[in-house]
Amino acid sequence: MFKTKNLSPQKLAGFTALVVSIVIALGSLLVDGDWKVVAGAFVLTFLVSYYLYLYTLQNFIYRKIKLIYKFIYQTKASKREEFFNKNILPLKTIEEVSEDVEKWASQKKEELENLRRNEEFRKEFLLNLSHELKTPIFAVQGYIHTLLDGALEDPSVNKLFLKNATKNIDRLCRLLDDLDEISKLESGEMTVNVEDFVIQDLLKDVFDTLSLKANTKGIKFSIKKGCETPIHVLADKEKIRQVLINLVDNSIKYGKPDGHTIASIYNMDGKRVLIEISDDGIGMAEEHLPRVFERFYRTDRARSRDIGGTGLGLAIVKHIVEAHDQSITVRSKPEIGSTFGFTLESGRGEF
């Protein structure tokens, strides 16, 4: 079946000119009857109609396409650019313009969805930030007011209240420091000073740093069997130290008494090294895993707040790892434990 809607401007002009030419030729045949006149009328009418329709269609389509592209790209072309686009560059077909419009619509739809997600994330972030700030501030306020109302003269509680107020002030300071660090990481202000070092040596330093805290819960540190061979990585040593301290500290906080924290190091493809920190603690349900690296996200708010921390540790870890152009993942199961793994570039010692 003949469908004019699928024709190009040239074919549409030709089809219209042919119809008009046939009508004129038939009219000439009825009026004159001379086949030469009929043929001449047919050819002349076809040529004039074809070029007239083609010129009109192309100008009409060009103007409409120009308006579409102005709307899509919000640009203004100079007269020279317009002449160049219209007369030198090949004009886009309707199908190509349709594809461009569909791509633009798809892009705008994705942008709108991202804006909605960001708006929801912003609202949740501000709500969480407000809650995290209020908790220590209200606690300090309560202790100070109680002291001013007379408890300051009571030696049995005044020092206790001051110690508790100090703890909450320290927590508030840690929260502000972590927020400042995340802001620097996100804005790119914090530089990454890459150096070559042995990752096992850094792990042992971190284990030594947190050994006293681990001993209070009877948690033992170890490097997995077969992962003891020194492996070099290229990274910012102090920032990776911060990553490991956060991950190992979490394994202590959420680990079971007399449990284990095990570090594993794997040379993946000669270009990257995978470092994993595993514990046999309380673990997390699957629905929490995609969000654990979000700021202030807690799988169990009450338990997390009792344990301590600002709720920003894993967000900082993620930013540091991504600043190295690497990735971090998590695997976990309730009552089985959690494993956090991140990659680093292999060092010179690997070649």
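Residues numbered from 1 in each chain as written. Predicted model: local features only at pLDDT ≥ 70, side-chain atom pairs only at ≥ 80, totals over all residues. Heavy atoms only, no water.

## Brief notes about the overall build of the protein
Argument step 1. When helices and strands are tallied, the protein shows ten helices and seven strands.
Argument step 2. Relative to its 351 residues, the protein shows a buried fraction of 35%. (Helix = DSSP H or I, 4+ residues; strand = E, 2+ residues; numbered from the N terminus. Buried < 20%, exposed > 50% of the residue type's maximum accessible area, 1.4 Å probe, protein only.)

## Considering the environment of Val 273
Argument step 1. Tracing the chain through its elements places Val 273 in strand β5 (residues 272-279).
Argument step 2. In this structure Val 273 comes out as buried when scored by relative accessible area, which is 0%.
Argument step 3. When the C-alpha atoms of Val 273 and His 232 are compared, they prove to be 8.6 Å apart, with 41 residues separating the residues in sequence.
Argument step 4. Excluding residues that lie within four positions of it along the chain, Val 273 makes contacts with Ile 231, His 232, Val 233, Ile 265, Tyr 266, Phe 342, Thr 343, Leu 344 and Ser 346. (Contact = heavy atoms within 4.5 Å.)

## Overview of helix α5 (residues 158-187)
Argument step 1. The terminal C-alpha atoms of α5, which comprises 30 residues, lie 44 Å apart, in line with the 44 Å expected from a rise of 1.5 Å per residue.
Argument step 2. Listing the buried residues of α5 in full gives Asn 158, Phe 161, Asn 164, Ala 165, Asn 168, Arg 171, Leu 175, Asp 178, Leu 179, Glu 181, Ile 182 and Leu 185. (Expected span 1.5 Å × (residues − 1).)

## Overview of the nonpolar core
Argument step 1. Counting residues in hydrophobic clusters, the biggest one holds 46 residues, and the most contacted among them are Ile 199, Ile 240, Leu 244, Leu 247, Ile 265, Phe 342 and Leu 344.
Argument step 2. Both domains that meet at this core, namely domain 2 (122-187) and domain 3 (195-346), each give it at least three residues.
Argument step 3. When near neighbours in sequence (up to four residues on either side) are disregarded, Phe 342 contacts Ile 240, Val 243, Leu 244, Leu 247, Val 273, Leu 274, Ile 275, Val 321, Ser 327 and Ile 328. (Core = buried A, V, L, I, M, F, W, Y, C linked by side-chain atoms within 4.5 Å. Domains from an automatic or database assignment.)

## Looking at helix α10 (residues 313-323)
Argument step 1. All of the buried residues in α10 are Gly 313, Leu 314, Ala 315, Ile 316, Val 317, Ile 320 and Val 321.
Argument step 2. As for α10, its buried residues are in contact with α5, α8 (237-253), β6 (328-333) and β7 (337-346).
Argument step 3. Where α10 terminates, the next one or two residues include Asp 325, which has phi positive at roughly 60°.

## Observations concerning the packing of helix α6 (residues 199-209) against α8
Argument step 1. Taken N-terminus to C-terminus, the directions of α6 and α8 make an angle of 50°; their axes are 10 Å apart at the nearest point. With respect to α8, the element α6 is oriented oblique. Where α6 crosses over α8, the handedness of that crossing is right-handed. Residues Ile 199, Leu 202, Leu 203, Asp 205, Val 206 and Phe 207 of α6 form the contact with α8, whose participating residues are Lys 237, Ile 240, Arg 241, Leu 244, Ile 245 and Val 248.
Argument step 2. Split into classes, the residues belonging to the contact of α6 with α8 amount to nine nonpolar, no polar and three charged. (Axes fitted to C-alpha atoms, helices over the stretch in contact; angles between N-to-C directions. Parallel < 35°, antiparallel > 145°, perpendicular 65-115°, else oblique. Left-handed = near helix turned anticlockwise from the far one by under 90°. Nonpolar A, V, L, I, M, F, W, Y, C, P; charged D, E, K, R; others polar.)

## Re the pairing of β6
Argument step 1. Residues Ile 328, Val 330 and Ser 332 point to one face of β6 and are all buried, whereas Thr 329, Arg 331 and Lys 333, pointing to the other face, are not buried.
Argument step 2. In the sheet, β6 pairs with β7 via six bridges, with the strands oriented antiparallel. Each bridged residue has a counterpart across the sheet, and for Thr 329 the counterpart in β7 is Gly 341.
Argument step 3. Adjacent in sequence and paired antiparallel, β6 and β7 are bridged by three residues, among which Glu 335 carries a positive phi angle near 65°. (Pairing = 2+ DSSP bridges.)

## A few points about the pairing of β7
Argument step 1. Counting buried positions over the ten residues of β7 gives nine, a clear majority of the element.
Argument step 2. Pairing of strand β3 (residues 232-235) with β7, which is carried by two bridges, proceeds in the antiparallel orientation. Looking at β7, one finds that Val 233 is bridged to Ser 346.
Argument step 3. Where β5 lies against β7, seven bridges are found, and the strand directions are antiparallel. Bridge pairing links Ile 275 to Phe 342 in β7.

## Overview of the side chain of Asp 249
Argument step 1. Summarising the element assignment, Asp 249 is placed in helix α8.
Argument step 2. Dropping the residues within four chain positions of it, Asp 249 is found in contact with Leu 210, Lys 213 and Leu 244.

## Digging into the UniProt feature "transmembrane region" (unreviewed entry) in the protein
Argument step 1. Per the UniProt record, the feature "transmembrane region" (unreviewed entry) sits at residues 12-31 and 37-57.
Argument step 2. With 100% helix and 0% strand, residues 12-31 has end C-alpha atoms that lie 29 Å from one another.
Argument step 3. Each end of residues 37-57 is marked by a C-alpha atom, and these two atoms are 29 Å apart; helix forms 100% of the span and strand 0%. (UniProt positions renumbered as here; feature names shortened; annotations may be inferred.)

## Remarks on the packing of α8 against α10
Argument step 1. Orientation of α8 relative to α10, taken along the N-to-C sense of each, is 145°, at an axis distance of 9 Å. Remark: the crossing between α8 and α10 carries left-handed chirality. Between α8, through Lys 239, Gln 242, Val 243, Asn 246, Leu 247 and Asn 250, and α10, the contact on the second element is made entirely by Gly 313, Leu 314, Ile 316, Val 317, Ile 320 and Val 321.

## A look at the packing of aromatic side chains
Argument step 1. Here the structure, examined in full by the defined rule, presents six aromatic pairs.
Argument step 2. Taken together, a centroid distance of 5.1 Å and an interplanar angle of 80° make the contact between Tyr 50 and Tyr 51 edge-to-face.
Argument step 3. Accessibility expressed as a relative area gives 18% for Tyr 50, which makes it buried.
Argument step 4. For Tyr 51, a relative accessible area of 53% translates into the label exposed.
Argument step 5. With a centroid separation of 6.1 Å and an interplanar angle of 85°, the aromatic rings of Phe 293 and Phe 340 are classed as edge-to-face. (Phe/Tyr/Trp six-rings, centres within 6.5 Å; stacked < 30°, edge-to-face > 60°.)

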